[in-house]
Amino acid sequence: MPDRILVIEDEPGIVDFLERGLAAQGFEVASATDGTTGAEKALSEPVDLVVLDLMLPGRSGLDVLTALHQAKPMLPVIVLTARDQVEDRITGLDAGAVDYLTKPFSLGELAARIRAQLRAAAHTPTTWLRGGDVDVNLITREVRRDGEIVRLSTTEFELLVYLMRNRGRVLSREQILRVVWGYDYDPGTNVVDVYVGYLRRKLGRAGFEVPIVTVRSVGYRFDARD
Ligand code: CA
């Protein structure tokens, strides 16, 4: 699955250059041309990395950066700055996942920074997964729904983690079988559907639907809504 990059930048020429260039480098690229839309997309859509211009209409780049830090502290952001721009103010933020690139920059340079950030993000141990009232502690393997402990089998746990790690993305039965069960062929059973059923039963309760959505004839998606 290609990494998804969100470009938040208001200059059409640069957006176009980045969309085409990064796609050619094998990334999936989405874009927003103002800060308000950009922050919305970054928070509601599955995004692996954000390329953020600082001078934006709508919400300023710094404002967007702060919002992203609060809501998605692990999301890597590469900030595009003009030389002599507010860099000291940004450095004041707790900017663990942030890298900076000064305009003008080459596409090769940006792509290299993106790869470095994605590699670093992949190696940062995540302790918690959270979504739809479900909390998973990856260290203790404890699962809670609305604060209450839910006991899952090893396979149920692995399936839940795989779905939650890919929140908002549709995972096919074949992908799930490969990652959770280690099958690289379709055994021709409905084992995935059976286990999704177990998860829904164990995590569900009256008036609360587990956010595992069935995508007809494809597979399943853990809903990105909270
Ligand atoms: Ca700009």
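This text goes with the structure placed above it.
A short tour of the structure in this document, coming up. In this text, all values refer to a predicted model and were calculated from it rather than measured experimentally.

Remarks on the overall build of the protein chain
Item 1. Within the protein chain one finds 8 helices and 12 strands.
Item 2. With the principal axes as the frame, the protein chain shows a C-alpha extent of 55 × 35 × 30 Å.
Item 3. In the protein chain, which comprises 226 residues, the proportion classed as buried is 44%.
Item 4. For the protein chain, long-range pairs separated by at least 24 residues make up 59% of all intrachain contacts whose partners lie at least 6 apart in sequence.
Item 5. Treating the 28 positive side-chain charges of the protein chain as one cloud and the 33 negative ones as another, the clouds have centres 6 Å apart.

Side note on the environment of valine 150
Item 1. Tracing the chain through its elements places valine 150 in strand 9 (residues 148–150).
Item 2. Separated by 54 residues in the primary sequence, valine 150 and glycine 204 have C-alpha atoms spaced 10 Å apart.
Item 3. Every residue in contact with valine 150, bar those within four places of it in the chain, is listed here: Val143, Arg144, Arg145, Lys202 and Leu203.

Some details on the packing of aromatic side chains
Item 1. Across all of its chains, the model carries 2 aromatic pairs by this definition.
Item 2. On the basis of an interplanar angle of 75 degrees and a centroid distance of 5.3 Å, the ring pair of tryptophan 181 and tyrosine 195 is categorised as edge-to-face. Taken as a pair, tryptophan 181 in helix 7 (residues 173–181) and tyrosine 195 in helix 8 (residues 191–203) lie far apart in primary sequence, 14 residues in all.
Item 3. With 5.0 Å between their ring centres and 75 degrees between their planes, tyrosine 195 and tyrosine 198 make a pair best called edge-to-face. Of this pair, tyrosine 195 and tyrosine 198 both sit in helix 8, separated by 3 residues, roughly a single helical turn.
Item 4. On the basis of relative accessibility, which here comes to 32%, the residue tyrosine 198 falls in the partly exposed class.
Item 5. Among the aromatic residues, those joined into a cluster by ring pairs are Trp181, Tyr195 and Tyr198.

Here we look at the pattern of salt bridges
Item 1. Taken as a whole and judged by the stated rule, the model has 18 salt bridges.
Item 2. Ionic pairing is found between aspartate 16 and arginine 20, a salt bridge with its closest N-O pair at 2.9 Å. You can see aspartate 16 and its partner arginine 20 sitting in helix 1 (residues 12–24), 4 residues apart, about one turn around the helix.
Item 3. Aspartate 16 sits in the partly exposed class, given a relative accessible area of 35%.
Item 4. The exposure class assigned to arginine 20 is exposed, which follows from its relative accessible area of 58%.
Item 5. When the shortest N-O distance is used, the salt bridge between arginine 144 and glutamate 142 registers 2.8 Å.
Item 6. Residue class for glutamate 142 comes out partly exposed when judged on its relative accessible area of 28%.
Item 7. Within the structure, one salt-bridge network assembled from shared partners comprises Glu9, Glu11, Asp53 and Lys103.

A word on the environment of proline 46
Item 1. With respect to the helices, strands and loops of the structure, proline 46 is situated in the loop between helix 2 (35–44) and strand 3 (49–53).
Item 2. Considering only alpha carbons, one finds proline 46 and aspartate 3, 43 residues apart in sequence, at a separation of 9.7 Å.
Item 3. Residues within four places of proline 46 in sequence aside, it is in contact with Arg4, Arg167, Gly168 and Arg169.

The rules we used
Note on numbering: residues in each chain are counted from 1, in written sequence order. Side-chain atom pairs in this predicted model are given and counted only at pLDDT of 80 or more, local residue features only at pLDDT of at least 70, and totals for whole chains, interfaces and linings cover all residues. Note that the side-chain values use all heavy atoms of the structure and ignore hydrogens as well as water. Helix and strand labels come from DSSP, where a helix needs a run of H or I of at least four residues and a strand needs a run of E of at least two; each type is numbered from the N terminus. Burial classes: relative accessible area under 20% of the type maximum marks a residue as buried, over 50% as exposed, and values in between as partly exposed (1.4 Å probe, protein chains only). The contact rule is simple, with two residues in contact once any of their heavy atoms fall within 4.5 Å. In this count, Lys and Arg are taken as positive residues and Asp and Glu as negative ones, while His and the chain termini are left out. Charge positions are represented by NZ for Lys, CZ for Arg, CG for Asp and CD for Glu. Stacked, tilted and edge-to-face are the three classes applied to pairs of Phe, Tyr and Trp rings, where Trp contributes its six-membered ring and a pair requires centres within 6.5 Å; stacked means planes under 30 degrees apart, edge-to-face means over 60, and tilted covers the rest. For this document, the term salt bridge refers to a Lys or Arg side-chain nitrogen within 4 Å of an Asp or Glu carboxyl oxygen.

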